[in-house]
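Residue strings, one per chain:
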There are 2 protein chains.
Amino acid sequence: MGKGRADARGSRTASARLLAVLDAFDAEHRALTLSALARRAGLPVSTAHRLVGDLLAWGGLERGDDGLLRVGLHLWEVAALAPRTIGLREAAAPSMGDLYEATHENVQLAVRDGLEVVFVERIAGRHAVPVLTRVGLRFPMSATGVGLVLLAFAPREVQEEALSSPLERFTERTVVDPRQLRSMLADVRRRGIAVSDRQVTMDALSVAAPVRGPDGDVVAALSVVVQADGAEPRTLAPAVRTAAAAISRSLAR
Amino acid sequence: MGKGRADARGSRTASARLLAVLDAFDAEHRALTLSALARRAGLPVSTAHRLVGDLLAWGGLERGDDGLLRVGLHLWEVAALAPRTIGLREAAAPSMGDLYEATHENVQLAVRDGLEVVFVERIAGRHAVPVLTRVGLRFPMSATGVGLVLLAFAPREVQEEALSSPLERFTERTVVDPRQLRSMLADVRRRGIAVSDRQVTMDALSVAAPVRGPDGDVVAALSVVVQADGAEPRTLAPAVRTAAAAISRSLAR
DNA sequence: GCCGACTTTCCGTCAGGCGGAAACCCGGGT
DNA sequence: ACCCGGGTTTCCGCCTGACGGAAAGTCGGC
């Protein structure tokens, strides 16, 4: 019988099939052949072929000179209308620029989706520490600086759920004990700033602050990532906090 | 040919219907009620209702607290995998940052799609001239700086087609005579730089240079937009050209 | 020239998409 | 209180056009 994922294949709606085609792409698979795509989507090739044809015509996919299929520009255009993307970016860009100019380090903006954070914008200097986050990527909330902020200010249910599932470990310093995490979160709420010290990679440290929407609830988190050794988070905190506040202010209008 | 418009409603494939739902959103309509959406997509409400349901479940749309429908984060995630988005952005970010720091003006990156340019990235300072372009927006090629660059280096057929259709006018200085445009393009090719002087709005001027892919063909255009009066394009040109060259270089590896 | 992997076309079957209609919900006007 | 208009959601019978197996076509490697 089939391998794991291709099971319920007879019983999917037409839309689900089309969306499965899109889901076949991810950060490791940005270019696919038709049959690889069909395989990953759990669809017969002939079906995939038709759906891909529709998507190509629409601009949701494009075929490169090498014949491989990739995500298309038109899809990106409509996706760029997502409220927590464009709107936030526009509002955040100037302050992020300021912060970058002041620090010359990676400046990142992220929002929460479910139990994960999604990075929506990033300004990366050429001299900044290389980090493994990238725009469009998901991360668990428990490790990163932005994650701590977004978790600390998330609704109760979300916090409970996040704390009840086992915490993913990245480094020896990653916090995996729920009790310890809980007290860190309280600390974040009190100080309005989060520090993730080597919790995601051993050479990086990030300082994050909440960005608030018009009605005061936290809608995003801003962070700066710096080299871990020798860095002094205390000096960064005020800059990050004020930049985040500036973004909040421009969201308010 | 045409990207989907709302047309003959009976004769559409299932996928086309789903994609029509997405196309109902644009820069002026980022949040829609179900019935408005149905109207714009040219679909019966009940059909739209089902499709929207599928998209909500998948994360392609989300329903705000106000009950309105908006483009969802998950759609944006997969769209972020588009090659001419993420890849370019990553490569371009540092140089764009440098250019911004040197000028403190709007720095923009655009690619060509069909007969139009699409802006894929922009760094906007708080002191920069307000411009009407925005990330994710389309523009005709004939007016903007980036458009001139992308048109000048586009394949013959594209140039012919662009020159044969009537050119859109934005200001009194917009070039609408094909002969004149043709000579401007030759000039752009010769000098490796394009200047759009008040051709899109009367207060702005942009200077653009080509970004080349690994095999030497022009894949994008980089531009700086400045206040039109008093600006001296000649001083900007070298900076833009070198930044664009730096991006080309980092694409080559 | 043969073989394997991928792409594209064809077509008979029948699941499930489609959309009209009716029920439901909600706020605002009188 | 009542109705009315606009939106949303549910229901269900008809019939279309999606589905996918199979075969033909294409390309490249050995």
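Just so it is clear, the structure is predicted and the values come from calculations on it, not from any experiment.

Next up on the list: the domain arrangement of chain A. Assigned domains within chain A: domain 1 (11-79) and domain 2 (86-252). Using C-alpha coordinates to define each centre, domain 1 of chain A is positioned 33 Å away from domain 2 of chain A.

Attention now moves to the protein's contact with DNA strand C. As a matter of local geometry, DNA strand C sits amid 15 residues, with S35 of chain A together with R17, S46, T47 and R50 of chain B nearest to it. Sugar plus phosphate: this is where 72% of the atoms of DNA strand C within 4 Å of the protein reside. Here T47 of chain B contributes a side-chain N or O atom positioned 2.7 Å from a phosphate oxygen of DNA strand C. Counting residues per element, the ones that place at least two in the surface near DNA strand C are helix 2 (34-41) and helix 3 (45-58) of chain A together with helix 1 (14-23) and helix 3 (45-58) of chain B. Considering each element in turn, the surface near DNA strand C owes the most residues, three residues, to helix 3 of chain B. By residue class, the composition of the surface near DNA strand C is four nonpolar, eight polar and three charged.

Between the two copies, chain A and chain B, the superposition gives an RMSD of 0.1 Å; the rotation angle is 180° and the shift along the axis is 0.0 Å. Given the turn and translation reported, the copies of this chain are related as if by a two-fold rotation axis. Interface residue correspondence from chain A to chain B reaches 100%, placing this contact among same-surface, isologous pairings.

Quick look at helix 8 (residues 178-191) of chain B now. Residues and elements named next belong to chain B. In this model helix 8 runs 20 Å from its N-terminal to its C-terminal C-alpha over 14 residues, within 8% of the 20 Å that 1.5 Å per residue would give. When we look at burial in helix 8, the residues that qualify are L181, M184, L185 and V188. All buried residues of helix 8 project into a common sector of 105° when viewed along the axis, lining one side. Facing away from the buried side of helix 8, by more than 90 degrees, are the exposed residues R179 and R190. Contacts made by the buried residues of helix 8 are with helix 6 (145-152), helix 7 (156-164) and strand 6 (194-197).

Looking now at the nonpolar core. Counting 114 residues, the largest nonpolar core has L109 and L222 of chain A together with L109 and L222 of chain B as its most contacted members. Beyond its immediate stretch of four places on either side in the chain, L109 of chain A contacts L88, A92, M96, V118, F119, V120, E121, V211, A220, A221 and L222 of chain A. The next biggest cluster of nonpolar side chains, apart from the first, holds 27 residues, and it includes V146, A154, L163 and L181 of chain A.

What follows covers the protein's contact with DNA strand D. Among the 15 residues in the neighbourhood of DNA strand D, the closest are listed as R17, S46, T47 and R50 of chain A together with S35 of chain B. When the atoms of DNA strand D within 4 Å of the protein are sorted by group, sugar and phosphate make up 71%. Between R17 of chain A and DNA strand D, the recorded distance is 2.5 Å, taken from a side-chain N or O atom to a phosphate oxygen. Between T47 of chain A and DNA strand D, the recorded distance is 2.6 Å, taken from a side-chain N or O atom to a phosphate oxygen. Contributions of two or more residues to the surface near DNA strand D are made by helix 1 (14-23) and helix 3 of chain A together with helix 2 (34-41) and helix 3 of chain B.

Not every positive phi belongs to a glycine, and H104 of chain A is a case in point at roughly 60°. Structurally, the position occupied by H104 of chain A is in the loop between helix 5 (86-103) and strand 4 (106-113).

Turning next to the sheet that holds strand 6 of chain B. Residue and element names in this part refer to chain B. Pairing within the open sheet is antiparallel, and its six strands lie in the order 5-4-3-8-7-6. Only two strands of the sheet have a single partner each, and these edge strands are strand 5 (138-140) and strand 6. Averaged over all adjacent pairs, the angle separating strand axes in this sheet is 30°, with direction ignored. The pairing of strand 3 (residues 106-113) with strand 8 (residues 218-227) spans five bridges and is antiparallel. Bridged to Q108 within strand 8 is S223. Packed onto the sheet, helix 6 meets strand 3, strand 4 (116-123), strand 6, strand 7 (204-212) and strand 8 and runs at close to 155° relative to strand 8.

Conventions we followed
- Residues numbered from 1 in each chain as written.
- Chains lettered and ligands numbered in written order.
- Predicted model: local features only at pLDDT ≥ 70, side-chain atom pairs only at ≥ 80, totals over all residues.
- Heavy atoms only, no water.
- Domains from an automatic or database assignment.
- Near = heavy atom within 4 Å.
- Polar contact = N/O pair within 3.5 Å; in protein donor to acceptor, adjacent residues only side chain to side chain.
- Helix = DSSP H or I, 4+ residues; strand = E, 2+ residues; numbered from the N terminus.
- Nonpolar A, V, L, I, M, F, W, Y, C, P; charged D, E, K, R; others polar.
- Least-squares fit on C-alpha atoms with pLDDT ≥ 70 in both.
- Contact = heavy atoms within 4.5 Å.
- Expected span 1.5 Å × (residues − 1).
- Buried < 20%, exposed > 50% of the residue type's maximum accessible area, 1.4 Å probe, protein only.
- Arc of directions from axis to C-beta.
- Core = buried A, V, L, I, M, F, W, Y, C linked by side-chain atoms within 4.5 Å.
- Pairing = 2+ DSSP bridges.
- Axes fitted to C-alpha atoms, helices over the stretch in contact; angles between N-to-C directions.

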